[in-house]
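# Descriptive structure summary
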Amino acid sequence: MSVRLDHEVLIVGAGFGGIGAAVELRKAGIEDFLILDKNDGVGGTWWANTYPGVAVDIPSIYYSFSYAPPQRWSRMFAPGAEVQQYAEQMVDSFELRSRIRLGATVVGAAWDEQQQVWRIELAGGETLVARYMIGAIGALEVPSLPDIAGFDSYGGKVVHTARWDHDFDYAGKRIAVIGTGATALQLIPELADVAARLTVFQRTPIWVAPKPDFPIPDAVRTALLNIPALRRTVRAAVTVGIDFGITGIGVFHERVPFLAKALERGGAAGYRAWLRGNPELAEQLTPHYAPGCKRPSVSNRYLGTFTQPHVRLVTTPIVEITEKGVRTEDGTEHEVDVLVCATGFKVMGKGTTPPFRTEGVGGVDLNEFWDEHKFQAYQGVSCPGFPNAFLITGPYGFAAGSYLAMIECTSRHAARAIAESRRRGATRVEIKQEAHDAYYEKYRLRAAKTLWLSDACAGSNTYYVNYQGDAAAIRPSTHLEMWWGNKHFPLDHYRYSRSLAPAETGDRPLASV
C-alpha cells in the first residue's frame, strides 16, 4: 500500500529557524518542502515582539546569516522592525515566499512507523503528510504570564510584551511593569517617555552594560555589503570577542572563577558611578550574582530612567493583583491603569518545547520524554525514538552568542542528514542511541562546571536554567565547536533504513503568501 506525501519536508515555523532550514535544504538540492507558521507574517519572534524599544542586543553584523548580509540595517544594534525586514529579505532572496503557508497553526505531530512518515495536524482538522519534519520553533515562543494571586481579577488594561497592543493609547496613563529582564530594560525607558506615572516591580535586578549604539554610515554599510572579505573579517572579530567574553566566563567558569567575582565587583562600582548621588537606588538596582548569569543586556537609558520623578522602583514583593492594581507585601496597593507583563517566555519549560504534542516511535510524546528523562538532543538537533525529525533550537544546541549563528549550524546539520538519507535511498533516518548518549553525557558533565550552574548565579532566576535545574538552553562550547560539530558530524552516527511501502508525491500546488 502506497503512502501519499503532501511534501517531502515540512518545516514548522517561519522565523529565522525555518527560513535558515529552508535555505539549507535548497542548497542540498531538496526542493519539495513547505514552511508552516501560525502568524500572519514571517520573522517568528521578530514578527510577534513589536513593543517600543525592541532591538537586537548583540552587534547587528553578527545577528545575520554569514552568507546573506542585511540590506537595510541602519544601526550598530538593529531595531526590531529592521530585523523583521531582514527576514522578508531572506524569504525573497531565496525564493521562499511560495513555499510558506501562514496562519497555519500546528496542533500535533505523529510518526507513522509503518509508512515511515510524519503526520502533522493543523488547527481546523487538516492533516499534512511528510517524510521529514523540521521543528523550527524558537525558544521565545510561549509567553510566561505572572503566577500571582488575583491576576485575572485586574480590571484595567493588561498587555504582555510579546502581544503588544499598538492601538491602545498609553500616553498619560499610570503604568506598572512587572519584570526587569532583557525585554523590560528596552521597554521601560520608552514607557517613561509617555506615562504619567511609571511603577516598575523588580524581583531580580539585572546587569546592564553601556550600549555602543550608533548609526552605521552609508559608506561603511556599502563597504560591508560589497566587500565580502571585510564583512567576514568584522564578523569574525565580533564572533571571537563574544566567544572569549561569554564562553570564557561562562563555559570555563570552573577554571577562572575569579573572573565572575571581579566582574561583579566592577559592575557594582559601575552602577554606583552611573547613579552617583543616589546610593540607595544604586543598591536596589545592583544584582548580587555574577554578570553573565542572565542574558547579557545593554542600554544607555535604563538605569537613568529610575532617577526621573515620575518613575518609581518597587522591590517589595508582590502578594496579589487587585481589581485596581498591585498590592505588595508591605500592604501598599499601587493603583494603575495599565499592567505590562515583561515576564519573558517559558524556555524549555514543561510541555512548551514544542507547544504541541509530538509523538515518536511507540506514541512517546517528546515533551513527556524530556520531562521524565530531562532535555537532551544530539548536537541540539536529533533525539532517538523520533526518526526523520530534526530540531533547529533543541537542547544543548546554542553556543551563547547569536541565535542566527546557531540556526546556520543546526539547519545545515538537518539538511545534511536528510540529504544523506536520500543518497542512500533510505526512508528512515534516526540518530543512534550511543552517539546521542555520548554527546549528551559530554555536554551535561561540562554544563555542571559552567557559570550558570554555579553558586555565582544563585538567586539570578535565569531562564538559562530550566525547571529541572539544568542549563539545557545552552551548549557549553565555543561557536567554533558548535560550527564544526554540526558541519562534520560522522554520517554513520545516524541509522538509515528503507520502507517497503512506495510513496506518492502529492500534487497540491505550493502555498502562496
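Right, let's walk through the structure included here.

Further remarks concern the packing of helix H1 (residues 16–27) against helix H3 (residues 80–93). In helix packing, the relevant descriptors are the interaxial angle and the interaxial distance, both defined with respect to the helix axes. Orientation of H1 relative to H3, taken along the N-to-C sense of each, is 20°, at an axis distance of 10 Å. Considered as vectors, H1 and H3 are oriented roughly parallel to each other. Both H1 and H3 take part in a crossing whose hand is left-handed. On H3, the residues touching Phe16, Ile19 and Val23 of H1 are Val83, Tyr86, Ala87, Met90 and Val91. Here the residues of the contact of H1 with H3 are counted per class, giving eight nonpolar, no polar and no charged.

Okay, the sheet that holds strand E11 (residues 311–314) next. Strand order in the open sheet formed by five strands is E8-E15-E9-E10-E11, with parallel pairing between adjacent strands. Here the strands that pair on one side only, and so sit at the sheet edges, are strand E8 (157–160) and E11. Adjacent strand axes in the sheet meet at a mean angle of 20°, parallel and antiparallel pairs treated alike. Where helix H4 (residues 182–192) meets the sheet, it contacts strand E9 (174–178), strand E10 (197–201), E11 and strand E15 (338–341), and its direction lies at approximately 160° from that of E10.

Let us look at the sheet that holds strand E14 (residues 333–335). Note: strands within a sheet are paired through backbone hydrogen bonds, in either parallel or antiparallel orientation. Reading across the sheet, the three strands line up as E12-E13-E14 and stay open at both edges, with antiparallel pairing between neighbours. Each of the sheet's edge strands pairs with one partner strand only, and the pair in question is strand E12 (318–321) and E14. The sheet shows a mean angle of 25° between the axes of neighbouring strands, taken without regard to direction. In the sheet, strand E13 (residues 325–328) pairs with E14 via three bridges, with the strands oriented antiparallel. When the bridges of E14 are listed, Gly325 appears paired with Glu335.

In a regular helix each residue adds 1.5 Å, so 23 residues correspond to 33 Å; helix H6 (residues 228–250) covers 31 Å between its end C-alpha atoms and thus fits that length. Taken residue by residue, H6 has Arg231, Arg235, Val238, Thr239, Ile242, Asp243, Thr247, Gly248 and Gly250 as its buried positions. Buried residues along H6 sit against helix H5 (218–226), helix H11 (403–423) and helix H13 (479–488).

To continue, consider the packing of aromatic side chains. Applying the stated criterion to the full structure yields 25 aromatic pairs. Measuring from centroid to centroid gives 5.7 Å for Trp111 and Trp118, while their planes differ by 55°, and the two rings are tilted. Given the relative accessible area of 8%, Trp111 is considered buried. Measuring from ring centre to ring centre gives 5.2 Å for Tyr302 and Phe306, while their planes differ by 85°; the resulting arrangement is edge-to-face. Across the pair, Phe306 and Tyr302 agree in class, each one buried. Here the aromatic residues Phe16, Trp46, Tyr63, Phe65, Tyr67, Trp73, Tyr86 and Phe94 are joined through ring pairs into a cluster of three or more. Here Lys27 stacks its cationic end above the ring of Tyr67, 3.6 Å away from the centre of that ring. The positively charged end of Arg99 is found above the aromatic ring belonging to Phe33, 4.9 Å away from the centroid.

Ile11, Phe16, Ile134, Leu198, Phe390 and Tyr494 are the most contacted members of the largest nonpolar core, which has 143 residues in total. Broken down by element, this core gets its largest block of residues, nine residues, from H11. If we skip the residues at most four places from it in the chain, Ile134 touches Val9, Leu10, Ile11, Val12, Ala21, Leu25, Phe390, Ile392, Ala414 and Ile418. Counting residues in hydrophobic clusters, the runner-up holds twelve residues, among them Ile148, Tyr154, Val314 and Leu339.

Cut-offs applied
Residues numbered from 1 in each chain as written. Predicted model: local features only at pLDDT ≥ 70, side-chain atom pairs only at ≥ 80, totals over all residues. Heavy atoms only, no water. Axes fitted to C-alpha atoms, helices over the stretch in contact; angles between N-to-C directions. Helix = DSSP H or I, 4+ residues; strand = E, 2+ residues; numbered from the N terminus. Parallel < 35°, antiparallel > 145°, perpendicular 65-115°, else oblique. Left-handed = near helix turned anticlockwise from the far one by under 90°. Contact = heavy atoms within 4.5 Å. Nonpolar A, V, L, I, M, F, W, Y, C, P; charged D, E, K, R; others polar. Pairing = 2+ DSSP bridges. Expected span 1.5 Å × (residues − 1). Buried < 20%, exposed > 50% of the residue type's maximum accessible area, 1.4 Å probe, protein only. Phe/Tyr/Trp six-rings, centres within 6.5 Å; stacked < 30°, edge-to-face > 60°. Lys NZ or Arg CZ within 6 Å of the ring centre and 35° of its normal. Core = buried A, V, L, I, M, F, W, Y, C linked by side-chain atoms within 4.5 Å.

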